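Given next are the chains, with one letter for each unit.
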Amino acid sequence: MLGDLKAWLRIGSNDEDEVLERLLAGACGLCEQFIGQWLVVREAAETIAADGSWQRLLARPVVAIEGVEAAGVALAPEAYAFDIDASGDGWVRARLVDGPGKVTIRYRAGLAADEAALPEAIRQGIVRLAAEHFAARDGDVATPPAVVSALWRPWRRMRLA
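Criteria and cut-off values
- Residues numbered from 1 in each chain as written.
- Predicted model: local features only at pLDDT ≥ 70, side-chain atom pairs only at ≥ 80, totals over all residues.
- Heavy atoms only, no water.
- Core = buried A, V, L, I, M, F, W, Y, C linked by side-chain atoms within 4.5 Å.
- Buried < 20%, exposed > 50% of the residue type's maximum accessible area, 1.4 Å probe, protein only.
- Pairing = 2+ DSSP bridges.
- Helix = DSSP H or I, 4+ residues; strand = E, 2+ residues; numbered from the N terminus.
- Phe/Tyr/Trp six-rings, centres within 6.5 Å; stacked < 30°, edge-to-face > 60°.
- Lys NZ or Arg CZ within 6 Å of the ring centre and 35° of its normal.
- Salt bridge = Lys/Arg side-chain N within 4 Å of Asp/Glu carboxyl O.
- Polar contact = N/O pair within 3.5 Å; in protein donor to acceptor, adjacent residues only side chain to side chain.
- Contact = heavy atoms within 4.5 Å.

Student: Explain the nonpolar core to me, please; I cannot follow it from the model alone.
Tutor: Of all hydrophobic cores here, the largest spans 23 residues; its most connected members are Leu39, Ile122, Ile126 and Trp152. Ile48, Leu75, Leu96 and Val103 belong to the second-largest nonpolar core, a separate cluster that totals 18 residues.

Printed below as a string of structure tokens:
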């Protein structure tokens, strides 16, 4: 996305690359918060109560649940169950033989394998937001263009309490 951002800003040199990379990283983080989904697939570990109830994993969309372990030891397959629903939520249910406890779930979540595979609207919104922050680098207040939320809104997933 650095090339896209530099083209948008009409920057031909590499002098600002470090600043632009940080702005892109910040814009990606804001995008993830807005849409409620991880952008690029990465590994996650989450500790949940092993009380036999179904529990939703925090990151989404989940692409793979790789293991369930207690105190660093993998649980036997009959001690847990998992599911990834149509919306990409990961669900895990575990019960330890010796009673309630905690288990760690290792999984991977994200919309795309890499930045290049992200939907174009998400990429464009990230570039536009990073460009706005770059333009406001001299102390001006960065006001995200309305087009950014319009570009990201189709991917927004919110959870009700």
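There's plenty left to go through after this.
Student: How should I be thinking about the pairing of strand β5 (residues 80–84) in this particular structure?
Tutor: Both faces of the sheet carry side chains from a regular strand, because those side chains alternate between them. One ladder, built from 5 bridges, connects β5 with strand β6 (residues 90–94); its direction is antiparallel. Across the sheet, residue isoleucine 84 finds its bridge partner in β6, namely glycine 90. Between β5 and β6, which follow one another and run antiparallel, lie 5 residues, and glycine 88 among them has a positive phi close to 95 degrees.

Student: Before we go on, may I ask you to explain the sheet that holds β5 in this structure?
Tutor: In any sheet, the strands associate via hydrogen bonds between backbone groups, in a parallel or an antiparallel arrangement. Spatially, the 3 strands line up as an open sheet ordered β2-β6-β5, and their pairing is antiparallel. The sheet terminates laterally at β2 (55–56) and β5, the two strands that pair on one side only.

Student: How do you make sense of the packing of aromatic side chains when you look at a structure like this?
Tutor: Enumeration according to the criterion identifies 2 aromatic pairs in this entry. Between phenylalanine 34 and tryptophan 152, the ring centres sit 5.9 Å apart and the planes meet at 50 degrees, which makes this aromatic pair tilted. One end of the pair, phenylalanine 34, is in helix α2 (residues 17–35); the other, tryptophan 152, is in helix α4 (residues 146–152), and 118 residues separate them in sequence. With a relative accessible area of 3%, tryptophan 152 lands in the buried category. For the pair tyrosine 80 and phenylalanine 82, a centre-to-centre distance of 6.3 Å together with 15 degrees between the ring planes defines the contact as stacked. Taking the ring centre of phenylalanine 34 as reference, the NZ or CZ of arginine 156 above it sits at 4.1 Å.

Student: Is there a simple way to explain the pattern of salt bridges in this structure?
Tutor: Taken as a whole, this structure holds 9 salt bridges when the rule is applied. In this structure, glutamate 18 and arginine 22 form a salt bridge, with 3.0 Å as the shortest nitrogen-oxygen distance. In this pair, glutamate 18 and arginine 22 are both assigned in helix α2, 4 residues apart and thus about one turn of the helix distant. What makes arginine 22 exposed here is its relative accessible area of 52%. Here the residues in one salt-bridge network are Asp4, Glu120 and Arg123, joined through shared partners.

Student: Before we go on, may I ask you to explain the side chain of glutamate 69 in this structure?
Tutor: Relative to the elements of secondary structure, glutamate 69 occurs in strand β3 (residues 62–70). On the basis of relative accessibility, which here comes to 18%, the residue glutamate 69 falls in the buried class. One polar contact links glutamate 69 to arginine 106, side chain to side chain, over a distance of 3.1 Å. Excluding residues that lie within four positions of it along the chain, glutamate 69 makes contacts with Ala74, Leu75, Val103, Thr104 and Arg106.

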